[in-house]
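Spelled out from the first residue to the last, the chains are:
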Amino acid sequence: MEYPRPQLRRAAWRSLDGPWQAMLDDGAVHVDPVDVDFNRSITVPYPPEAAASGLHDRGFRRRIWYRRQVLLEPSMTPGREERLVLHFGAVNYRARVWVNGRYAVEHRGGHSPFSVDVTRHLDGAVLEIVVQADDDPLDMHKARGKMDWEPEPHKIWYPRTSGIWRTVWIEKVARAHVAQLRWTADVASWQIRLDADIAHVPEGGMANVTLRLGERVLVADRCLLTGPRLSRIFQLPDPGIDDARALWMWSPESPQLIDAEIEIRSAEGELYDAVQSYTALRTVTTEGERFVLNSRPYYLRMVLDQGYWPDSLMVASSDQLRHDVLLIKRLGFNGVRKHQKSEDPRWLYWCDVLGLCVWAEMPSAYGFSSATVHGVMEEWKELVERDISHPCIVAWVPTNESWGVPELMHDRRQVDFVRALYHMTRALDGTRPVIGNDGWEAPCGDFVCVHDYAQDPAVLVERYGSREAVAYTLEHVQPDRRRIVIDGFTGQGKPLFLSEFGGIACLPGAGTAGGSEAGWGYSTAKDGKELLARYQELMAAIHRCRPLSGFCYTQLTDTFLEKNGLLTEDRVPKAPVEALAVATRGPDANLYNWHLDPLGHDERWRLRRGPDFPIEWTRVGETAEVLAYPGERQPPQGPGPGSPSGFERRGRGANGPRGRRKVA
């Protein structure tokens, strides 16, 4: 999936990633593009701090300038009733954009996307884009996630990601077009709702909506557009009994998607716009102390994912994003907590396609002020609206560990801010649980989430092994010297998650004190064999803690000084993947048939997913299943452009059993 916006796709688009002219304006001296000396080249969308950008410059700077001239081919040049839209996936933090010398748009928020119609700025077939990206590296009151305020990464903080760091792209659309859409499933009524914003609705215009389950047409709807807001409820043919319904519904074990196409046509039938999308039948809620997926209690086995790569920092190709999702599945997890980062929508696409539950988290500010309130609120709203239709997202996490609200115990405003974020998120999306403050000091929330890095498995069982133990822990135990619930919120009757634990570092030659010059972890293992043994003991203890609705192990990969990943930064497993997966899935896995599949898919799903599901990245020298995703163009054999270093892409034909072979 290369298209930057997987749930609203069109044919006429062009990526502007690649070499741009740039200037590092460290002191924010220049204010007008005509005064800027574009004396460097930078590879977009990689930030200047990343080696992949061609600069690898981690110095402090207040402003970065970008410029690129684009010659529009005839297929991308808008006609009289067409528009050219310029999209930015993310620019950190405040972006100002000029098009052909004319000021076009300003956007604040370093993680959320923005767009601008540049048609009126065009001069023939030439499109010159200038971007001014302001990002104060010392500002603690903006959303920053894990970006360090010190010159070099320290402790749990990572290199900064400045300027443009997501795909820049242009798209040709008709004047009348779908500007935004949202899908909502109502499983109880066996319905799917579409809400779409239509730009420049034509007189007598019509909307055609088609929904398909595989080759079967479920809905072929045609309606009159009476205004800029299209809302339709589609009644699906209900199979009735649960066993038949299950074949239609999305879950990590059976990630069934429903393909969608939306057309905007004139009264006479002339096609203005056609977009491809998808949705799914899936419901998420809580019932008492249990997390519930598709009306059944569901135990979440999650891993903490920071979403960083050594050479590109927070940026990754679609293939790298897919590879991470596949690895998470192969490690036995059915969920992931994307930590302090709004991930690329293409990563969410692969979680949708492959089946992985996601906790979507807001990158935090560090200090509290009115600027924090305004900035975090607005950016979080934009991110929720961007991702709201992805079936993989099962919970929203607007606040983590009191970051940005460090005085929750003493400042009423900060408590009110956390509650405001919680209620605003619930107002934007009433279909998913929302976490008030992940880790501790929760004044509200649909879950109770605890971060506990106790390394003795017996201590974890003592704290979470029974309801009585949990009640005592919530009231009296402070795993990080913090109260777990505050301000009248008891957490009683809510699902309980151990949403961070583990953190075993693998540091060859290190002692057991918890660190070395090469990095650190909450505890250390001298090699992969010891890491696996310690992981197995921790997981066995967690699976004994029946009051838990799920867990999140820290973490998926090593990330700079944090060496507590199950994988290295280069995504090399530190212990056998199959053995790690057995420990992750727990002793009850053999009660289900999904444990027989390396990706945790149900047997019935495996039989109907087709012979080519999904292409897998396989490290040279590793033996693994060869899988491919139906409907996707089969790539050439062997390493190619865009492949992560040290990986080979392999596929197979439609016939024959799955193959296993060693890559030479």
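Just above sits the structure.
Quick notes on the sheet that holds strand E21 (residues 271–279)
Thinking step 1. With antiparallel pairing, the four strands of this open sheet are ordered in space as E16-E15-E20-E21. Strands at the two margins of the open sheet, each flanked by one partner only, are strand E16 (216–224) and E21. Strand-to-strand twist in this sheet, taken as the mean axis angle between neighbours without regard to direction, amounts to 15°.
Thinking step 2. Pairing between strand E15 (residues 206–213) and strand E20 (residues 258–265): seven bridges, direction antiparallel.

Comments concerning unusual backbone geometry
Thinking step 1. A cis amide bond, omega 15°, links Val44 with the succeeding residue Pro45.
Thinking step 2. At the junction of Asn92 and Tyr93, the peptide bond is cis and its omega measures out at 5° in the coordinates.
Thinking step 3. If you check the backbone angles, Asp487 has positive phi at about 55° while not being a glycine.
Thinking step 4. On the accessibility criterion, Asp487 (31% relative accessible area) is partly exposed.
Thinking step 5. Here Arg571, not a glycine, exhibits a phi torsion of approximately 70°, which is positive.

With respect to the packing of aromatic side chains
Thinking step 1. Across all of its chains, the model carries 32 aromatic pairs by this definition.
Thinking step 2. A centroid spacing of 5.5 Å and a plane angle of 85° characterise the contact between Phe501 and Tyr553, whose relative ring orientation is edge-to-face. Of the two residues, Phe501 sits in strand E30 (residues 496–502) while Tyr553 sits in strand E35 (residues 548–554), which places them 52 residues apart along the sequence.
Thinking step 3. Using a relative accessible area of 0% as the deciding quantity, one classes Phe501 as buried.
Thinking step 4. Relative to Trp594, the ring of Tyr592 lies with its centre 5.5 Å away and its plane at 15°, an arrangement referred to as stacked.
Thinking step 5. Chaining the aromatic ring pairs together yields one cluster made of Tyr299, Phe501, Tyr535, Phe551 and Tyr553.

Overview of the nonpolar core
Thinking step 1. One finds Phe291, Phe333, Trp359, Tyr464 and Phe501 to be the most contacted residues of the largest nonpolar core, which totals 106 residues.
Thinking step 2. Ignoring sequence-local partners within four residues, the contact set of Phe291 consists of Val284, Thr285, Arg296, Pro297, Tyr298, Leu300, Val394, Phe447, Pro495, Phe497 and Ser549.
Thinking step 3. Counting residues in each nonpolar core, the second largest holds 32 residues, with Leu72, Phe114, Leu122 and Ala133 among its members.

Comments concerning the environment of Arg608
Thinking step 1. Relative to the helices and strands, Arg608 resides in helix H10 (residues 603–608).
Thinking step 2. With 449 residues separating them along the chain, Arg608 and Pro159 place their C-alpha atoms 44 Å apart.
Thinking step 3. Leave out the neighbours within four places in its chain, and Arg608 touches Ala246, Leu247, Ser254 and Gln256.
Thinking step 4. Within the structure, the side chain of Arg608 is placed 3.2 Å from the backbone oxygen of Leu247, a separation counted as a polar contact.

So, the environment of Ala274
Thinking step 1. Locating Ala274 in the fold gives a position in strand E21.
Thinking step 2. Ala274 sits 265 residues away from Arg9 along the chain, and the two C-alpha atoms are 8.6 Å apart.
Thinking step 3. Non-local contacts of Ala274, meaning those with residues more than four positions away in its chain, are made with Arg9, Arg10, Glu261, Ile262 and Glu263.

Considerations on the sheet that holds strand E9 (residues 114–117)
Within a sheet, adjacent strands bond to each other through the backbone by hydrogen bonds, running parallel or antiparallel.
Thinking step 1. What the four strands build is an open sheet, ordered E1-E12-E5-E9; its pairing is antiparallel. This sheet does not close on itself; its edge strands, each paired only once, are strand E1 (13–15) and E9. Taking each pair of neighbouring strands and ignoring which way they run, the sheet shows an average axis angle of 20°.
Thinking step 2. Looking at chain direction, strand E5 (residues 82–88) and E9 are connected through four bridges and run antiparallel. Considered in E9, the bridge of Phe88 is made with Phe114.

A few points about helix H7 (residues 467–476)
Quick reminder: α-helices carry 3.6 residues per turn. Residues three or four places apart thus point the same way.
Thinking step 1. Looking only at H7, the buried set comprises Ala469, Val470, Thr473 and Leu474. Angular distribution of buried residues about the axis of H7 spans 130°; they occupy a single face of the element. Exposed positions of H7 whose direction lies more than 90 degrees from the buried face are Glu468, Tyr472 and Glu475.
Thinking step 2. Where H7 is buried, its residues contact strand E29 (448–451), helix H6 (457–464) and E30.

Regarding the side chain of Thr584
Thinking step 1. Following the sequence through the fold, Thr584 ends up in helix H9 (residues 577–585).
Thinking step 2. Sequence-distant contacts of Thr584, that is, excluding residues within four places in its chain, are made with Arg301, Leu331, Gly332, Phe333, Tyr535, Met539, His543 and Phe551.

Focus: the pairing of strand E10 (residues 126–134)
In regular strands, side chains alternate between the two faces of the sheet.
Thinking step 1. Counting buried residues in E10 gives seven out of nine residues, a clear majority hidden from the surface.
Thinking step 2. The sheet contact formed by strand E4 (residues 63–71) and E10 spans nine bridges and is antiparallel. Looking at E10, one finds that Gln69 is bridged to Glu128.
Thinking step 3. Of the pairings in the sheet, the one linking strand E7 (residues 94–99) to E10 comprises six bridges and is antiparallel in character. Looking at the pairing, Val99 lines up with Ile129 of E10.

Details of the pattern of salt bridges
Side-chain pairs of opposite charge can arise whenever the charged atoms involved come near each other.
Thinking step 1. For the coordinates displayed, the defined rule picks out 53 salt bridges.
Thinking step 2. Arg5 is paired through a salt bridge with Glu171; the nearest N and O atoms lie 3.0 Å apart. Highlighted residues: Arg5 in the segment before E1 and Glu171 in strand E12 (residues 168–174), separated in sequence by 166 residues.
Thinking step 3. Taking relative accessible area as the criterion, Glu171 reaches 1% and is therefore assigned buried.
Thinking step 4. For Asp597, the salt bridge goes to Arg606, with nearest N and O atoms at 3.7 Å. Taken individually, Asp597 and Arg606 each receive the classification buried, so the pair is uniform in this respect.
Thinking step 5. One network of salt bridges, in which partners are shared, links Asp26, Arg40, Glu49, Asp57 and Arg61.

So, how was this worked out
Residues numbered from 1 in each chain as written. Predicted model: local features only at pLDDT ≥ 70, side-chain atom pairs only at ≥ 80, totals over all residues. Heavy atoms only, no water. Pairing = 2+ DSSP bridges. Helix = DSSP H or I, 4+ residues; strand = E, 2+ residues; numbered from the N terminus. Axes fitted to C-alpha atoms, helices over the stretch in contact; angles between N-to-C directions. Buried < 20%, exposed > 50% of the residue type's maximum accessible area, 1.4 Å probe, protein only. Phe/Tyr/Trp six-rings, centres within 6.5 Å; stacked < 30°, edge-to-face > 60°. Core = buried A, V, L, I, M, F, W, Y, C linked by side-chain atoms within 4.5 Å. Contact = heavy atoms within 4.5 Å. Polar contact = N/O pair within 3.5 Å; in protein donor to acceptor, adjacent residues only side chain to side chain. Arc of directions from axis to C-beta. Salt bridge = Lys/Arg side-chain N within 4 Å of Asp/Glu carboxyl O.

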